[in-house]
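A look at the structure
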Amino acid sequence: MDKTYQRPNDPQPKEWLSSELSEQYIASYKPFNFVDGEGVRCSLYVSGCRFNCPGCYNKAAQNFHYGQVYTQELEDKIIEDLSQSYVQGLTLLGGEPFLNTEVTLQLCQRVRAEFGHDKDIWSWTGYTFEELQQESSDKLALLNYLDILVDGRFLAAQKDLTLQFRGSANQRIIDVPKTLAQDKVVLWDKLIK
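Residues numbered from 1 in each chain as written. Predicted model: local features only at pLDDT ≥ 70, side-chain atom pairs only at ≥ 80, totals over all residues. Heavy atoms only, no water.

An unreviewed UniProt entry lists the protein chain under the name Anaerobic ribonucleoside-triphosphate reductase-activating protein, with Agrilactobacillus yilanensis as the source organism. In UniProt, the protein chain has this text filed under Cofactor (unreviewed entry): "[4Fe-4S] cluster". (UniProt positions renumbered as here; feature names shortened; annotations may be inferred.)

Next up on the list: the overall build of the protein chain. Tallying secondary structure elements over the protein chain gives six helices and seven strands in all. Scanning the protein chain from its N terminus toward the C terminus, one meets helices and strands in the order α-β-β-β-α-β-α-β-α-α-β-β-α. Projected onto its principal axes, the C-alpha coordinates of the protein chain cover approximately 50 × 35 × 30 Å. Burial analysis of the protein chain (193 residues in total) assigns 51% to the buried set. Considering only intrachain contacts with a sequence separation of at least 6, the fraction spanning at least 24 residues in the protein chain is 69%. Summing over all exposed atoms, the protein chain offers an accessible surface of approximately 9300 Å²; the carbon and sulfur share of this is 50%. Distance between charge centres in the protein chain, computed from 20 positive and 27 negative side chains, equals 6 Å. (Helix = DSSP H or I, 4+ residues; strand = E, 2+ residues; numbered from the N terminus. Buried < 20%, exposed > 50% of the residue type's maximum accessible area, 1.4 Å probe, protein only. Contact = heavy atoms within 4.5 Å. Areas by Shrake-Rupley, 256 points an atom, 1.4 Å probe, with all protein chains shown as cover. Lys, Arg positive; Asp, Glu negative; His and termini not counted. Charge placed at Lys NZ, Arg CZ, Asp CG, Glu CD.)

Turning our attention to the layout of surface pockets. In this structure, the largest pocket encloses a volume near 630 Å³. Along the wall of the largest pocket there are 31 residues; nearest its centre are Tyr57, Trp124, Phe154, Gly167 and Gln171. Among the residues making up the lining of the largest pocket, the classes are represented as 14 nonpolar, 11 polar and six charged. By volume, the second largest pocket amounts to about 160 Å³. Along its surface, the second largest pocket is lined by Glu38, Gln88, Asp120, Trp122, Asp147, Ile148, Asp175, Pro177, Trp188, Asp189 and Lys190. (1 Å grid on protein atoms, 1.4 Å probe; cavity = no way out; pocket = protein on both sides within 12 Å on 5 of 7 lines; lining within 4 Å. Points joined across faces, edges and corners; volume = space filled by probe spheres on them. Nonpolar A, V, L, I, M, F, W, Y, C, P; charged D, E, K, R; others polar.)

Moving on to the pattern of salt bridges. Applying the stated rule across the entire model yields 14 salt bridges. The salt bridge partner of Arg153 is Asp10, with a shortest N-O separation of 2.7 Å. A residue pair is termed long-range when its members are at least 10 positions apart, and Arg153 in the loop between β6 (148-151) and β7 (172-175) and Asp10 in the segment before α1 (18-21) qualify at 143 residues. Overall, the relative accessible area of 6% leaves Arg153 in the buried class. A residue is classified by how much of its surface remains accessible, and Asp10, at 43% relative accessible area, is partly exposed. Residue Glu135 is joined to Lys139 by a salt bridge in which the shortest nitrogen-to-oxygen separation is 2.9 Å. One exposure class covers both Glu135 and Lys139, and it is buried. (Salt bridge = Lys/Arg side-chain N within 4 Å of Asp/Glu carboxyl O.)

As structure tokens, this is what we get:
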């Protein structure tokens, strides 16, 4: 079968739990970049993903034991980097941030404690926003710390490299606070296409 038409894995609600899957590894940390969201960002790529999207751009990071263990020293470095006035915020990618909440939730809590909402938090996920609403309490907690969520599995059949901050047309850039307040998905107001 042509890989373009193969589908990623689709979990049942609460089927994949971070507490059972995460090894607390990160694939990489990239400070001061311009590609993982709006403005200058510090990006944490966590390890481990079960979606297995055909055509995934970061296949190595699907392994939960890939890279290095997340440490307090790394977290301190991320906070130090975020404290620079020209840095707009933190980005969580993967792997799958919502399957690594032992890392991502702790980091988001610290970002909010240190910076309030002066720094924004973006995350990419293979889950849709609607799927996350049916998920475990740790995933819901992480969602509540986010400003922007790019949701949905990468679908090779809908691949479009001209899209802003996403790889396939099914994915959405969601304004999380507005979505939660209005109880309906509200797209990012700076969406170009």
